[in-house]
Amino acid sequence: MTSSDEPRGTAALLVDSRGRYLLHLRDAHKNICDPGTWSIPGGAREGTESSQDAVERELLEETGLAVPLEELTVVDCLGPDGRTKGRIRVYLGAWDGDADELPCPEGVMFRHFDASTIPYLTMCPWTTEVIALHLAQAPARRPVPAPARAGARARLNVVGVHLYLEQDGKVLLGLRHPDSAFAASTHHFLAGHCEQESAVTCLVREAEEEAGLAIDPAQVELAHVVHMVDHPGGQPRVGLFFRARQWRGTPEVREPDRCVSWGWWSADALPHPLVPYTRAAIEGIRAGRLYTELGWS
């Protein structure tokens, strides 16, 4: 096979010693392949790198893991337009860690699922094909759990970016959708996870995507930082809260599956329920503090 024939796509199927598959829930409203489905970590080769190098890089970037991988199969796929055909070389590895400990710089979350649960999930078609192949070959190809290289299970922090807008003494908050995976039916800042981008770039992008607001990066300043865990030993998260001094546009619902309304609320009469760290950030900003910790023992 020549380099031009080698698939551009790569992916890693990770299986734990209980036979569960590590799956990644993809964003639902972005111009990506198979949006809103459960899939497996991976991405395209860059430049002249090999498929092996690419899958190891993508796995490290998306999960913080560096585990031994072996080739499993090549599958066909479709691009974001649903028509362009591509191919993905899939690798097999073993990992026995906690999915909740993994960073998630792209997409929504990671979870382990056993084979009996797969049919009930909204699955990426080619991922379903890969899992079916692995199940058929499992007696001969089941991977032996191997420890990741030193540092592969470091507790990487998820970075969230939040927009603090104040107008006439009121703060902009959104009411999240009842079916939202995070903070359902709860008020929250306009926010998003940093992807392969700077925090301010993420903020500007999310403001336009979620609410139709145009923000000049030069008009943005850091207002507060919250370092938090939901419980001792949980996934650590860093929340960066940026104040925009100026913006263009009126907040409108652009992602109705995530946010059902935007509203301006007095800081003295905040809505209920409100995401706890959102309230903590507002209180910190009003008090002139730059930093808050939540959930640490």
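Above: the structure in question.
All of these numbers come straight from a predicted model, not from anything done at the bench. As a convention, each chain's residues are numbered from 1 in the sequence order in which they are written. Two thresholds apply to this predicted model, a pLDDT of at least 70 for residue-level local features and 80 or more for giving and counting side-chain atom pairs, whereas whole-chain, interface and lining totals are computed over all residues. The basis for every side-chain value is the complete set of heavy atoms in the structure, and neither hydrogens nor water enter the calculation.

**Student:** Please set out helix H3 (residues 199-211) residue by residue, giving values where relevant.
**Tutor:** Helix and strand definitions here come from DSSP, where helices need a minimum of 4 consecutive H or I residues and strands a minimum of 2 consecutive E residues; each element is numbered from the N-terminal end. Here the expected length of a helix is defined as 1.5 Å per residue gap, with one fewer gap than residues. Taking 1.5 Å per residue, 13 residues should reach 18 Å; H3 reaches 18 Å between its end C-alpha atoms and fits that length. When a residue's accessible area, from a 1.4 Å probe over protein chains only, is under 20% of the maximum for its type it is buried; when over 50% it is exposed; and in between it is partly exposed. Considered for burial, the residues of H3 that qualify are Ala199, Cys202, Leu203, Arg205, Glu206, Ala207, Glu210 and Ala211. Gly212 occupies a position one or two residues after H3 and carries a positive phi of about 70°.

**Student:** Hey, could you go over the pattern of salt bridges for me, with residue numbers and the actual values?
**Tutor:** By definition here, a salt bridge exists when the distance from a side-chain nitrogen of Lys or Arg to a carboxyl oxygen of Asp or Glu is within 4 Å. Scanning the entire structure with this criterion turns up 18 salt bridges. In this structure, Arg258 engages Asp27 in a salt bridge whose closest nitrogen and oxygen atoms are separated by 3.2 Å. Of this pair, Arg258 sits in the loop between strand E14 (237-244) and strand E15 (259-266) while Asp27 sits in the loop between strand E2 (21-25) and strand E3 (38-39), placing them 231 residues apart in sequence. Among the residues examined, Arg258 registers a relative accessible area of 24% and is labelled partly exposed. The partner of Glu71 in a salt bridge is Arg89, and the shortest N-O contact between them spans 3.1 Å. Separated by 18 residues along the polypeptide, Glu71 in strand E5 (residues 70-78) and Arg89 in strand E6 (residues 85-94) bring together distant segments of the chain. In this structure Arg89 comes out as buried when scored by relative accessible area, which is 11%. Shared partners join several salt bridges into a network, and the residues in it are Glu46, Glu49, Arg57, Glu58 and Glu61.

**Student:** Can you explain the environment of Asp168? Please cite residues and give values.
**Tutor:** Along the chain, the position of Asp168 falls in the loop between strand E9 (166-167) and strand E10 (170-176). A residue is classified by how much of its surface remains accessible, and Asp168, at 75% relative accessible area, is exposed. Separated by 98 residues in the primary sequence, Asp168 and Ser266 have C-alpha atoms spaced 8.9 Å apart.

**Student:** I'd love a proper account of the nonpolar core, names of residues and values included.
**Tutor:** Residues Leu13, Leu23, Trp38, Val90 and Trp126 are the most contacted members of the largest nonpolar core, which totals 23 residues. Among the secondary structure elements, those contributing two or more residues to this core are strand E1 (9-15), E2, E5, E6, strand E7 (109-113) and helix H2 (125-141). Pairs of residues are marked as contacts when any of their non-hydrogen atoms sit within 4.5 Å. Beyond its immediate sequence surroundings of up to four residues, Leu23 is in contact with Trp38, Ser39, Ile40, Met109, Phe110, Arg111, Phe113, Ile118, Leu121, Met123, Thr127 and Ile131. Put simply, a nonpolar core is a bunch of buried Ala, Val, Leu, Ile, Met, Phe, Trp, Tyr and Cys residues held in one set by side-chain atoms that sit within 4.5 Å of each other. By size, the runner-up hydrophobic cluster in this structure holds 21 residues, among which are Val161, Ala207, Val238 and Phe242.

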